[in-house]
Structure formats: C-alpha cells, structure tokens
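Understanding the architecture of this molecule
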Amino acid sequence: GSGSSKKYYCNQENINKYAGTQQQHTFLDEPYEKLVNMQIPESLKPNESFLSKTNLPTKKDIYINETMPTCIYNSYNLDPYWKSELKMNRVLLLEPSHFKEHPVSDVVLNFIQQISSNIENVQIYVGEFTEFIKEYKLNNSKIFYKEHPTTTHYTGIVEKRDWLAPNIEGYFNSFSNFWKKAKPVIQNL
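Residues numbered from 1 in each chain as written. Predicted model: local features only at pLDDT ≥ 70, side-chain atom pairs only at ≥ 80, totals over all residues. Heavy atoms only, no water.

Some points on the pattern of salt bridges
A full pass over the atoms with the stated rule returns eight salt bridges. In this structure, Asp162 and Lys146 form a salt bridge, with 3.0 Å as the shortest nitrogen-oxygen distance. One end of the pair, Asp162, is in the loop between β5 (157–159) and α6 (175–187); the other, Lys146, is in strand β4 (residues 143–146), with 16 residues separating them in the sequence. Through salt bridges that share partners, Lys59, Glu131 and Glu135 make up one connected network. (Salt bridge = Lys/Arg side-chain N within 4 Å of Asp/Glu carboxyl O. Helix = DSSP H or I, 4+ residues; strand = E, 2+ residues; numbered from the N terminus.)

What to know about the packing of aromatic side chains
Across all of its chains, the model carries nine aromatic pairs by this definition. Measuring from ring centre to ring centre gives 6.1 Å for Tyr125 and Tyr136, while their planes differ by 80°; the resulting arrangement is edge-to-face. Of this pair, Tyr125 sits in strand β3 (residues 122–126) while Tyr136 is found in the loop between α5 (129–135) and β4, placing the two residues 11 residues apart along the sequence. For the residue pair Tyr125 and Tyr136, the accessibility class agrees, reading buried in each case. Where Phe129 meets Tyr154, the ring centres are 4.6 Å apart and the plane angle is 5°; that geometry is what we call stacked. Taken together, the residues span a long stretch of sequence, with Phe129 in helix α5 and Tyr154 in the loop between β4 and β5 at a distance of 25 residues. Each of the two residues, Phe129 as well as Tyr154, counts as buried. In this structure an aromatic cluster arises from ring pairing among Phe172, Phe175, Phe178 and Trp179. Positioned above the aromatic ring of Phe144 is the side chain of Lys83, whose terminal nitrogen or guanidinium carbon lies 4.6 Å from the ring centre. (Phe/Tyr/Trp six-rings, centres within 6.5 Å; stacked < 30°, edge-to-face > 60°. Buried < 20%, exposed > 50% of the residue type's maximum accessible area, 1.4 Å probe, protein only. Lys NZ or Arg CZ within 6 Å of the ring centre and 35° of its normal.)

Structural notes on the environment of Asp162
By relative accessible area, Asp162 is classed as exposed at 59%. Not counting the four nearest positions on each side in its chain, Asp162 is found in contact with Asp79 and Lys146. There is a polar contact of 3.0 Å between the side chain of Asp162 and the side chain of Lys146. (Contact = heavy atoms within 4.5 Å. Polar contact = N/O pair within 3.5 Å; in protein donor to acceptor, adjacent residues only side chain to side chain.)

A few points about the environment of Phe129
We classify Phe129 as buried; its relative accessible area is 1%. When the C-alpha positions of Phe129 and Ile40 are compared, they lie 45 Å apart, and in sequence the two are 89 residues distant. Filtering out sequence-adjacent residues up to four positions away, Phe129 remains in contact with Ile72, Leu93, Glu95, Ile143, His153, Tyr154 and Thr155.

Quick look at the side chain of Asn16
Its place among the elements puts Asn16 in helix α1 (residues 12–19). Within polar-contact distance, the side chain of Asn16 engages the side chain of Thr21 at 2.6 Å.

Focus on unusual backbone geometry
In the Ramachandran plot, Lys83 falls in the positive-phi region, its phi being about 55° despite a non-glycine side chain. Secondary-structure assignment places Lys83 in the loop between β1 (70–73) and β2 (89–94). Phi angles above zero are rare outside glycine, and Lys137 is one such case at about 50°. Note on placement: Lys137 falls in the loop between α5 and β4.

Some thoughts on the sheet that holds β1
Pairing is parallel across the open sheet formed by five strands, whose spatial order is β3-β2-β1-β4-β5. Among the strands making up the open sheet, the edge pair consists of β3 and β5. When strand polarity is set aside, the average angle formed by the axes of neighbouring strands in this sheet is 30°. Of the pairings in the sheet, the one linking β1 to β4 comprises two bridges and is parallel in character. The residue bridging Thr70 from the neighbouring strand is Ile143, located in β4. (Pairing = 2+ DSSP bridges. Axes fitted to C-alpha atoms, helices over the stretch in contact; angles between N-to-C directions.)

The values reported here are purely geometric and, on their own, carry no functional implication.
This is the structure in structure tokens:
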C-alpha cells in the first residue's frame, strides 16, 4: 500500500478520494491520529468459522496410450505450447491433497479447467500423482513434468519451469523491490 515497509493507515476521507466514494460516518471516518490507537470497532469483532473446501470434479476414467509419453500439467503449469509439437498423453492432474491444503473457490477451479482446454487433447485426472501412476501403470522414463514447489513428490523427467525474468535472482522483501528490477526486463520481451 504505502510503497515502504511501514504500516499503512487509511481513513474514510482517503478512501473516498481514491475510490470515488462519498461514505461518511463509518468507523474509518476519523483523523489519522485517532486511527493509530483506535480499538477494534464492534462491527468487526464477530467472526465465523471458515471452512473452505475445493469442490473437485468427479473422477472419470481417462485414456492413456501406453506407447506415448505423458505430460503432467497442474494449476501451476497450463502452458499449451509445452511439447506441443510431440504426440503425447496430456493430463491435467487435480490432486485432492493439494486442494485440501490450498483450497480454491469454484470460480478459480473453473478458470483452471477452462485455461487447460487450450492444451490440445488434455484430459483431467482427479486423484493423487502416485495413484495415477499406479492406475495407468506408467513408466517414469515416459512421464514429463515441470519443477515447482507443488511437484516435489512427482517422479519422472523434470524440466525447468518458465520464468518471466529468469536472470533476476535474490531475495526481495516486497513486490515493489522485485518489480523495480523485473519491469525493464519484462517490458523488453
């Protein structure tokens, strides 16, 4: 928000100015000096338990041609051009364990599936990677996937993932610091 590492406070006047609204008499309709030490307003105290669950599609049988290698896609790799010149099985893997730990809304899941339709002949497998390998009796020498923190348990032939700015390295304590270095590189793509 503030472009620095300090805490950012905004009052109703500032929100109205930049959001084009004209709200008044909210708990943020106070001078900054008062906001800094203000107690949590009563209207923000009640809360609800948050139970989030990803509504994965029903598992369906897919066809794997055992004579061809298999490319494994997931929500972090939906590249329609990846090995597109080769005849391969193409499988979007939706692992229940991943989505249990990192739930997404129906809108996000629908977006993932919609984007995957750009991958020619992609099939969707709902299940764990190990379950998929066992069920279709796949050989690791014929399985391709891209490295990512979510694919460390995959087996087969791992390939590097694509980066927008592959030569930018280091730790950045904010997106703004990263963007200062990445923006010129990305603009020249």
